[in-house]
Amino acid sequence: MRRLFVLLTAAWAALLPTACSKSDSDAPRPLPAKVTIEEVTPARQAVSFTLKSEQAARVAYCCLSQGTAPDASAWTQLESPAASVTLRVEGLDAGTAYTLMARAENAKGEPCEAVSRDFETLRLPALQFGEVTATAEGAEASVTTSDALRLFWACLPADGGEPSEFTEVEAAAEMKLEIRGLAAATDYRLYAYVADAESRSELAVKPFRTADLSSVDLSASGTANCYLVSEAGVYSFAADVRGNGVSANADAESKHFDGAIQPGEGWSADWLWASAEGLVSGVSFDAASKRIRFEASAGRGNAVLALFDSEQRVVWSWHIWMTEDPSAHLIEGSSPEYLFLDRNVGATSTAVDDVASFGLFYQWGRKDPFIATSQLANPDGAAIPDGEAFQSAIEGTCVFNAAHTTGWSTLRNDDASIASGQSVDYAAAHPMTFITYGAQVASSGVGAWFNDDNVQYAELWGYDFMKRNNQKTMFDPCPPGYKVPGWYQEVMADADKTTMAAAGEHQSRTYKGGYWPAQGYRMDSGRLSNVGRYGYYWSACSYNHNYPAQNFKGYMLYWYSRAVSNNSVQNEAIGGNIRCIRE
């Protein structure tokens, strides 16, 4: 009986819940999963990133173009991921906007809220052609690049196939490619691509055609430092000769330059100054033909073009004189063998009392012109009322090419920046600098723009005083076929107050039908003086030739109201006029 009771009690107890047992619904819930996208590093066609997760049994991620919704197939799933895992997605497009997305689930399959990160893949090097400006001998192409280190280019005739070799240069955001040595009136293709350390752009192609070889050759009848242009058009001249290429004389001292210019790589040409806006344009230098080419307007005036080396230093310069043909009505000198142009160098008129009849000013022995005045006479007699050299109220107007110059300047002959014996070299390299007289250096002479022995400069314009021989030189400022007159006692031996009669209201003169304006001069300080009162016309002849102890001066044709002299001497640092005579 006792045994039966124990068994019944045990069975009943088994049917009752115990105090320490729990149902499945009371088991602890897993914590929610969490995922973040960190350390996103785009490449050109890929992206690296790190997924960091917590309480995640599974993680999924996808990469889609921005604005695209993912479908089930877009996701890549990771089972039992590490807390931090670095991943990389390949096969993306360069320079494209993408979105990275990630989600996670905990052990119960409960998802967390998806997270996203936007990014853009890096761009490939890119190139775009702009305008191509072509002449008969070459072209200049504008190019823009991005994300590039080097640019590779080649130019071939249009029927020549694709290039096998390229010229390599450093890439910049905006570039100019100079292409030289092309044939006129020919179709070409310009090829180019850019690259960085890893990749390159597609090959770009730009077709163009060179211009017809229709420029007027100003140097066809001989080279010079001055060329005449009488109508609008395209012109060119040989830029591999200094002036006419003739040395000053046979002395080794005076041979400051070789007559020939040997152009180097990277040389160019441009205008320095002009007496009006737009007189010349499109100035270029073709290395293959060694020619400077430019376009002239129909305007009248003066401009100076220069040849620059690769460091933008002036190698040589040329004066473009834009006027009616001054040789159409030549003026006879004291004998029929002497024939003058009908106007001063730089003048655009022969009318009496016309300021356009004033020519440009020249220092003795230099080829470089300096601007004249804007008025027929000083407002107040001989004195200039305002300013110093190139700053007075009556200075002529002109425009400057800001890429190469800030305007006219002056510099003393004894300035340390002019090396001893290098005055002529400095003058040629600085055609807009009026070298003033500061002091006599050795036997340079009072009133000189030189800084050493004057004897070596006595024949810069080619007149041999001892032999009475006048040979045009590379420093002569006259156009082809003409030169600075040798000595006015020879070429205008009869010049006096009777043969040079007064004309107009400002002390100008006429001689055998030609008009000679009294436009004054530039003092050896560069300052204007005696405008409308005196005439100062240089000859090629120097005073006291071969006498270095004497002051060095130049002979002039000179007059004022009471006298005319064909044998005047003046400081050669002053600026006087030039009336060219036929060679």
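One can find the structure itself at the top, above this paragraph.
Quick look at the structure, then. Just so we're clear, the structure is a prediction, and the values are computed from it rather than from any experiment. (Residues numbered from 1 in each chain as written. Predicted model: local features only at pLDDT ≥ 70, side-chain atom pairs only at ≥ 80, totals over all residues. Heavy atoms only, no water.)

1. Overview of the overall build of the protein chain
- Per the secondary structure count, the protein chain includes three helices and 41 strands.
- Here the protein chain has a C-alpha radius of gyration of 42 Å; the compact-globule value for 583 residues is 25 Å, and the former is much larger.
- Each principal axis of the C-alpha atoms in the protein chain carries an extent, and together these give about 175 × 55 × 45 Å.
- Across the protein chain, the fraction of contacts at a sequence separation of at least 24, relative to all contacts at a separation of at least 6, is 62%.
- On the protein chain, roughly 26700 Å² of surface is accessible, and the fraction owed to carbon and sulfur atoms is 48%. (Helix = DSSP H or I, 4+ residues; strand = E, 2+ residues; numbered from the N terminus. Rg over C-alpha atoms; globule rule 2.2 N^0.38 Å. Contact = heavy atoms within 4.5 Å. Areas by Shrake-Rupley, 256 points an atom, 1.4 Å probe, with all protein chains shown as cover.)

2. Details of the nonpolar core
- Core analysis: the largest hydrophobic core is formed by 89 residues, its most contacted members being Phe-237, Trp-273, Ile-292, Phe-294, Leu-305, Trp-318 and Ile-578.
- No other element matches the seven residues that strand β22 (residues 314-322) contributes to this core.
- If we skip the residues at most four places from it in the chain, Trp-273 touches Asn-302, Ala-303, Val-304, Leu-360, Pro-369, Ile-371, Cys-398, Val-399, Phe-400, Trp-408 and Met-432.
- Judged by nonpolar contacts, the second largest core, of 21 residues, contains Leu-127, Val-132, Trp-153 and Ile-179. (Core = buried A, V, L, I, M, F, W, Y, C linked by side-chain atoms within 4.5 Å. Buried < 20%, exposed > 50% of the residue type's maximum accessible area, 1.4 Å probe, protein only.)

3. Notes on the pattern of salt bridges
- Counted according to the given criterion, the structure contains 22 salt bridges.
- Taking the shortest distance from any N to any O, the salt bridge between Glu-38 and Lys-52 comes out at 3.3 Å. Of this pair, Glu-38 sits in strand β1 (residues 34-42) while Lys-52 sits in strand β2 (residues 46-54), and the two are 14 residues apart along the sequence.
- Glu-38 sits in the partly exposed class, given a relative accessible area of 28%.
- Note that Lys-512 is salt-bridged to Asp-494, the shortest N-O span being 4.0 Å. Linking Lys-512 in the loop between β33 (508-511) and β34 (514-516) with Asp-494 in the loop between α3 (488-491) and β32 (501-503), this pair joins segments that are 18 residues apart in sequence. (Salt bridge = Lys/Arg side-chain N within 4 Å of Asp/Glu carboxyl O.)

4. A short note on unusual backbone geometry
- With a phi angle near 60°, Lys-290 is a residue other than glycine that sits in the positive phi range.
- Positive phi values are uncommon outside glycine, yet Phe-390 reaches one of about 60°.

5. Thoughts on the layout of surface pockets
- What the largest pocket holds in volume is close to 440 Å³.
- Taken together, 25 residues make up the lining of the largest pocket; nearest its centre are Thr-133, Thr-135, Gly-282, Val-283 and Ser-284.
- Those elements that provide at least two residues to the lining of the largest pocket are β8 (126-134), β9 (138-146), β12 (174-180), β18 (268-274), β19 (280-286) and β20 (291-296).
- It is β19 that contributes the most residues to the lining of the largest pocket, six residues altogether.
- Residues of the lining of the largest pocket, tallied by class, amount to nine nonpolar, eight polar and eight charged.
- Taken as a whole, the second largest pocket spans an internal volume of roughly 380 Å³.
- Around the second largest pocket, the lining comprises 15 residues; the ones closest to its centre are Trp-153, Glu-178, Arg-180, Glu-265 and Gly-266.
- Secondary structure elements with two or more residues in the lining of the second largest pocket: β11 (167-170) and β12.
- Among the elements that make up the lining of the second largest pocket, the one with the highest residue count is β12 (five residues).
- Here the lining of the second largest pocket is built from residues that sort into eight nonpolar, three polar and four charged. (1 Å grid on protein atoms, 1.4 Å probe; cavity = no way out; pocket = protein on both sides within 12 Å on 5 of 7 lines; lining within 4 Å. Points joined across faces, edges and corners; volume = space filled by probe spheres on them. Nonpolar A, V, L, I, M, F, W, Y, C, P; charged D, E, K, R; others polar.)

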